[in-house]
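The primary structure of each chain is shown beneath.
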There are 2 protein chains.
Amino acid sequence: MVQNKSLVLAKHPVGYPVPGSDLITTSSEFDLNQAPPPGGLIVKTNYLSFDPYQRGRMRAATGLYTTGYPLNSPITNNAILTVLSSDNPRFKAGDVITTNAEFSEYQIITKERAELEQSPGGGNAGVRLLKNPLGLDPKLFLGALGMSGLTAYSSLYEIGKPKKGEVIFISAASGAVGQVVGQLAKREGLKVIGSVGSDEKLQYIKEELGFDAGFNYKKEKPDEALNRILGELGEEGLNIYYDNVGGEQLDAALGALSTFGRIVSCGSVSQTSKKPGETHGIQNMPLVVGKRLTIRGFIVFDPDMGGKYYEEHQNNLQKWIKDGEIKIKMAVTDGIDNAAEGLVGMLKGENFGKAVLKIADL
Amino acid sequence: MVQNKSLVLAKHPVGYPVPGSDLITTSSEFDLNQAPPPGGLIVKTNYLSFDPYQRGRMRAATGLYTTGYPLNSPITNNAILTVLSSDNPRFKAGDVITTNAEFSEYQIITKERAELEQSPGGGNAGVRLLKNPLGLDPKLFLGALGMSGLTAYSSLYEIGKPKKGEVIFISAASGAVGQVVGQLAKREGLKVIGSVGSDEKLQYIKEELGFDAGFNYKKEKPDEALNRILGELGEEGLNIYYDNVGGEQLDAALGALSTFGRIVSCGSVSQTSKKPGETHGIQNMPLVVGKRLTIRGFIVFDPDMGGKYYEEHQNNLQKWIKDGEIKIKMAVTDGIDNAAEGLVGMLKGENFGKAVLKIADL
Ligand SMILES: NC(=O)c1ccc[n+]([C@@H]2O[C@H](COP(=O)([O-])OP(=O)(O)OC[C@H]3O[C@@H](n4cnc5c(N)ncnc54)[C@H](OP(=O)(O)O)[C@@H]3O)[C@@H](O)[C@H]2O)c1
Ligand SMILES: NC(=O)c1ccc[n+]([C@@H]2O[C@H](COP(=O)([O-])OP(=O)(O)OC[C@H]3O[C@@H](n4cnc5c(N)ncnc54)[C@H](OP(=O)(O)O)[C@@H]3O)[C@@H](O)[C@H]2O)c1
């Protein structure tokens, strides 16, 4: 018997979730030597992903594309795990797998799930063997080589339609999705502008990732910053806005886009944890007509998104990361006891890079 | 010599333009017997169109797709005119033509313009012979068979992509564009919901045009009205929102759209005449991601819009109007002395149907 700790949703948060109150750590006994259920697996958790959409799942009623997390159960997300014992022919002890898993140190995977192949775009409860032919850091498969990277890759091409010489603006530019979008856009020959929430991140995207320009939205108003930067770059306007945050930056981007500009609506993390009445009303929507803008929302597991780009994303990104052409920064929280702080920290922008929880290194 | 009256922009309006102050009627002498300029025409104005985009052209700086009206000159818009005398082989006295013309009773068309074919989607200064093989009311060629109808036709198909059984919501539903969109959508087998600014208009779209439901946005809040109506129709949400007005109705539509819904961004007439600080900030933009919405703005003379659908629009609409399958309501203002009131009235919603100015019947 071992103690098996989990991160549990105890209450529906109002505003930012509060560790110790909305999100608590519980512990229960787990028998490591128990037989796996018929057709199932016993697994040990190595890494779990922290993602902004998890905030949405902490609401009482969610609807849309995800269901709400049940109260008093461990929350779940994409994970990398090691098989301890298996009653399923697809897997054997020692295999490293990815699936949507509980925030628990140990867990059981049922036959039903062990038999289901994880869909390429994610979004089902299936399981996949981690394929890491180039021997890359396995944590990457929760970020640049996982859901965040596939999000960046598929939506930039499918919706953004980048063309050499165009100008793209990316919010949350040092984050899991943003850092990949920015580097892909540089590869395609675009001028890349990023916004971030600290000077350290700003320096990083400009000096390490090669962005052409950027600003710290906590120090400079987004509309003024975009005006300033476009002037400095000698450009009239943006062609693409990759929107990770919504709110004031979306408004500023609408103002700064050129005719026939595209907005890739990826997320609105600046609004998700706002209390009712505190959200930002977008003033610039009337510009959509005269500028002929297209704004398109997506979820990575939509049919024409992640699945369509899965192979291409894996093949290219693994190679480019291996070659050092694309750099990936990760923000690792250590241990389940710190999981709540890590998750909430990411929502507040305290992460610098793709946020993951490490439970046990591989 | 005759007196030739014109509607002139005297000042840039703040809020709604004020007749007699921002928009004034002037008069000057015009020689009906003068020779046309070399290669040009002398024409008499029959009908002029009132369109919401003209409000945008009254600003000091406009940019985007139209230029501002110069101060102290007659404003311009699509018109139907009769050729009085011609020095151009394309036209002869008595021909009925359409072009972008001055709000003046008589005017001169230069050689340069007389030689230019009016582009199918509008948007250039060229001239076209009115082709009216079915002998329809010529005023229709400023509305359902002109720019408004082509706007409705092209954007509904190109952006709305209507499918039988879907639900569409149209704002300014009794207006020039709205009444055509609604009837086309009915023909395609959609359930059609319209919003209007009076009970008389509401009764019209439901009883005369066969809309499935509607509401008067001055009496019922748009979000509550859409909820009520969707419940009554037994539908979960909207598939298309045809946005003529922006503001509060756009916000309500974002809330009521189903996954993969489309917004055809045609205009935002509810915001155009608002003073700074009075405009409506859109709260529901974060729903674009989870619902995977597409919002697309257009201008009828964009390459893939009006021009692409011009022939189809003329062929079908002329026939359907002749057969009585599609009904068109027009709001006619009589005489240049009433032009300012007519134009401002349309911006305020006092028009019931496509607003035009009649100067002299054909
Ligand atoms: N549509 C999809 O399928 C899909 C898939 C994955 C992710 N997403 C979305 O993509 C976005 C980025 O996700 P990610 O995983 O890459 O997260 P991330 O960027 O690694 O982390 C979240 C970041 O959001 C920024 N942020 C937090 N509060 C903010 C505020 N008030 N204003 C501006 N920025 C704020 C912070 O960066 P700064 O310090 O720079 O502010 C923080 O680091 C999220 O909106 C997420 O929901 C969508
Ligand atoms: N993108 C393009 O190429 C293109 C081309 C043509 C037209 N448009 C746009 O399409 C829209 C409709 O134009 P239209 O020519 O068909 O005009 P219209 O509907 O015939 O006339 C304007 C109508 O707007 C409504 N309105 C005025 N103020 C409003 C407010 N505060 N809230 C809600 N509705 C209000 C009024 O109808 P109610 O009494 O029902 O409120 C009024 O009758 C406009 O936004 C116009 O700019 C765009």
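Residues numbered from 1 in each chain as written. Chains lettered and ligands numbered in written order. Predicted model: local features only at pLDDT ≥ 70, side-chain atom pairs only at ≥ 80, totals over all residues. Heavy atoms only, no water.

Visitor: Help me out: how do you make sense of the site of ligand 1 in this one?
Guide: Around ligand 1 sit 29 residues in total, of which Val177, Lys201, Tyr217, Asn244 and Asn351 of chain A are the nearest. More than one chain reaches ligand 1: the nearby residues come from chains A and B. Backbone polar atom of leucine 347 of chain A to a nitrogen atom of ligand 1: 3.5 Å apart, as the coordinates give it. Contact with the protein chains covers 92% of the free accessible surface of ligand 1, which is 900 Å². Elements with a contribution of two residues or more to the shell around ligand 1: α3 (147–160), α4 (176–187), α8 (269–272) and α11 (339–348) of chain A. Considering only residue class, the shell around ligand 1 consists of 16 nonpolar, 11 polar and 2 charged. (Near = heavy atom within 4 Å. Polar contact = N/O pair within 3.5 Å; in protein donor to acceptor, adjacent residues only side chain to side chain. Areas by Shrake-Rupley, 256 points an atom, 1.4 Å probe, with all protein chains shown as cover. Helix = DSSP H or I, 4+ residues; strand = E, 2+ residues; numbered from the N terminus. Nonpolar A, V, L, I, M, F, W, Y, C, P; charged D, E, K, R; others polar.)

Visitor: Mind showing me how you'd approach the domain arrangement of chain A here?
Guide: Bring the parts together and some accessible area is lost; that lost area is often taken as the interface size. Residue and element names in this part refer to chain A. Here chain A is described as being made up of domain 1 (2–143 + 330–358) and domain 2 (147–297). Here the C-alpha centroids of domain 1 and domain 2 sit 30 Å apart. Buried surface at the junction of domain 1 and domain 2, summed over both partners, amounts to about 1,400 Å²; 58% is from carbon and sulfur atoms. In this assembly, domain 1 and domain 2 are joined by 0 salt bridges. In this structure, the connection of domain 1 to domain 2 is made through 4 residue pairs in polar contact (both at pLDDT 80 or more). It is helix α1 (residues 53–57) that provides the largest number of residues to the side of domain 1 that touches domain 2, a total of 3 residues. For the side of domain 1 that touches domain 2, the residue count by class is 8 nonpolar, 8 polar and 4 charged. (Domains from an automatic or database assignment. Buried area = accessible area lost by both parts, 1.4 Å probe. Salt bridge = Lys/Arg side-chain N within 4 Å of Asp/Glu carboxyl O.)

Visitor: Teacher, can you tell me more about the packing of aromatic side chains here?
Guide: Residues and elements named next belong to chain A. Counted under the stated rule, the structure contains 14 aromatic pairs over all chains. With centroids separated by 5.7 Å and ring planes inclined at 25 degrees, the aromatic side chains of phenylalanine 169 and phenylalanine 215 adopt a geometry described as stacked. Of the two residues, phenylalanine 169 is situated in strand β8 (residues 167–170) and phenylalanine 215 in strand β10 (residues 213–216); the sequence distance between them amounts to 46 residues. Across the pair, exposure class does not vary: phenylalanine 169 and phenylalanine 215 are buried alike. (Phe/Tyr/Trp six-rings, centres within 6.5 Å; stacked < 30°, edge-to-face > 60°. Buried < 20%, exposed > 50% of the residue type's maximum accessible area, 1.4 Å probe, protein only.)

Visitor: Is there a simple way to explain the interface of chain A and chain B in this structure?
Guide: Facing 31 residues of chain A, the contacting portion of chain B comprises 31 residues. A combined buried area of about 2,400 Å² lies between chain A and chain B, and 65% of that area is made up of carbon and sulfur atoms. Where chain A packs against chain B, one counts 2 salt bridges. With its nearest N and O atoms 2.7 Å apart, the salt bridge here joins aspartate 302 of chain A to arginine 292 of chain B. The interface formed by chain A and chain B contains 8 residue pairs in polar contact (both at pLDDT 80 or more). (Contact = heavy atoms within 4.5 Å.)

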